[in-house]
Amino acid sequence: MLIAGNWKMNGDPRDLSEFTRMVARAPEVRSAVALVVCPPAVMLQKSVERATVSPLTVGAQDCHFAASGAHTGDLSAEMIASCGAEYVIVGHSERRTDHGETDEIVSRKALAAQRAGLTAIVCIGETEAQRDAGEADQVVTSQLNGSIADAVDPGRLVIAYEPVWAIGTGRTPSTADVAAIHGSIRRWLDDRFGTVAGVPVLYGGSVKPGNAHELLAVENVDGALVGGASLKADDFIAIALAATAVLEARA
Ligand code: PEP
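For the structure given in this document, a descriptive report is provided here. (Residues numbered from 1 in each chain as written. Predicted model: local features only at pLDDT ≥ 70, side-chain atom pairs only at ≥ 80, totals over all residues. Heavy atoms only, no water.)

### Considerations on the overall build of the protein
Consideration 1: When you go through the protein residue by residue, the secondary structure sums to ten helices and eight strands.
Consideration 2: Here the C-alpha radius of gyration of the protein, 17 Å, is about what a compact globule of 251 residues would show, namely 18 Å.
Consideration 3: For the protein, the spread of C-alpha atoms along the three principal axes comes to 45 × 45 × 35 Å.
Consideration 4: Within the protein, buried positions represent 51% of all 251 residues.
Consideration 5: Counting only contacts in the protein whose residues sit at least 6 apart along the sequence, the fraction spanning at least 24 positions is 74%.
Consideration 6: Here the protein holds 21 positive side-chain charges and 31 negative ones, and the gap between their average locations is 4 Å. (Helix = DSSP H or I, 4+ residues; strand = E, 2+ residues; numbered from the N terminus. Rg over C-alpha atoms; globule rule 2.2 N^0.38 Å. Buried < 20%, exposed > 50% of the residue type's maximum accessible area, 1.4 Å probe, protein only. Contact = heavy atoms within 4.5 Å. Lys, Arg positive; Asp, Glu negative; His and termini not counted. Charge placed at Lys NZ, Arg CZ, Asp CG, Glu CD.)

As C-alpha cells, this is what we get:
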C-alpha cells in the first residue's frame, strides 16, 4: 500500500512542525505501507532533510517535461530529484483545469519524471457531468491511453484515480463504483504491462480517517492520494494506520 499526501498550495518552509510530527509518527505504520508527502516546491529541500533516516519520503506536485530551458516559473524533474525527492504527481485535475494540461502534456511529464529517476504519480478521473452521463469508465480509459506512453517504466509508475467531483468536497463514490473503476484500471495496466508489473492504483478524493478503511479495503485499491487530510499529521497517520489494518485483514 502507498499513502501519499498532496499538500497543494499549503504550508510554510519556516514551519515544518506538522511535517516533523509526521516523520516522528511514521515508524508506527507497518513497513508494507509506504508514506509519501508532497509539499509545495519551496518546502521540498527542507522536508527531505527533515525526513532523512525516516521511512517517509518526499514528492513534488508537478514538473515540466523539459530538463531545462526557457520555461519561466517551472521546475524540471531533474531539479526536483536534485532536492532528494523521489516522487512527483503529474496530471492532477487542478493542473488539468487551472493550467490546461492535456493528456499529451501529462504523458510527457510522466516520462520526464522517470528520466530523472522519480516515480510518477499520474492522476486521472472523471468530472461529475461525465459520471452522470455514464461516461466515467470511458473517460478514465481514454486518460490512461493518452497519459501513459508506451515507453513508460511500470516500475516507476503509480496511478491515482481521483474523481474530480470528490476532490475537496467531502463526497466519495460508493465502494462499488470505486471497485468498478479500479477493476478497469487494473485490467488496462495488465494489458499494457502484464499482470506481474504491480503498478499501484491509489484512490483519491475526500479520503479521511473516518472513511479510509472502507475505501482502502476495496479490491484493487492499493493506497490513497490524500489532499486536505494530509495537512494534519494525526489524520495522515490515521489513514496510514487504516491501510495497515486492511493489510493485516488481507494477510
Ligand atoms: C487531491 O487533491 O489529490 C485530493 C485527493 O484532495 P482531497 O483529499 O482534499 O479531496
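### Here's the deal with the packing of helix α5 (residues 103-115) against helix α7 (residues 136-147)
To describe two helices that pack against each other, one gives the angle between their axes and the distance between the axes.
Consideration 1: Packing of α5 against α7 brings their axes to within 7 Å, and their N-to-C directions diverge by 50°. As judged from the angle between their axes, α5 and α7 are oblique. Packed against α5, whose contacting residues are D103, E104, V106, S107 and A110, the element α7 presents S142, Q143, G146 and S147 at the interface.
Consideration 2: In the contact of α5 with α7, the residues fall into two nonpolar, five polar and two charged. (Axes fitted to C-alpha atoms, helices over the stretch in contact; angles between N-to-C directions. Parallel < 35°, antiparallel > 145°, perpendicular 65-115°, else oblique. Nonpolar A, V, L, I, M, F, W, Y, C, P; charged D, E, K, R; others polar.)

### Quick notes on the layout of surface pockets
Consideration 1: Here the largest pocket is characterised by a volume of approximately 560 Å³.
Consideration 2: K8, Q61, D62, R95 and H99 are the residues nearest the centre of the largest pocket, which is lined by 20 residues in total.
Consideration 3: Residues of the lining of the largest pocket, tallied by class, amount to eight nonpolar, six polar and six charged. (1 Å grid on protein atoms, 1.4 Å probe; cavity = no way out; pocket = protein on both sides within 12 Å on 5 of 7 lines; lining within 4 Å. Points joined across faces, edges and corners; volume = space filled by probe spheres on them.)

### Comments concerning the environment of S184
Consideration 1: With respect to the helices and strands, the residue S184 is situated in helix α8 (residues 175-193).
Consideration 2: Judged by relative accessible area, which is 12%, S184 ranks as buried.
Consideration 3: Between the C-alpha atoms of S184 and V88, which are 96 residues apart in sequence, the distance is 24 Å.

### With respect to the sheet that holds strand β4 (residues 87-90)
Consideration 1: Here eight strands make up a closed barrel; going around it, the order is β1-β2-β3-β4-β5-β6-β7-β8 and the pairing parallel. Each strand of the sheet is rotated relative to its neighbour by a mean of 25°, with strand direction disregarded.
Consideration 2: In terms of strand pairing, β4 meets strand β5 (residues 119-124) through four bridges, oriented parallel. The residue bridging Y87 from the neighbouring strand is T119, located in β5.
Consideration 3: Contacting β5, β6 (157-161) and β7 (201-204), α8 crosses the sheet at an angle of about 150° to β7. (Pairing = 2+ DSSP bridges.)

The analysis is restricted to geometry; functional conclusions fall outside its scope.
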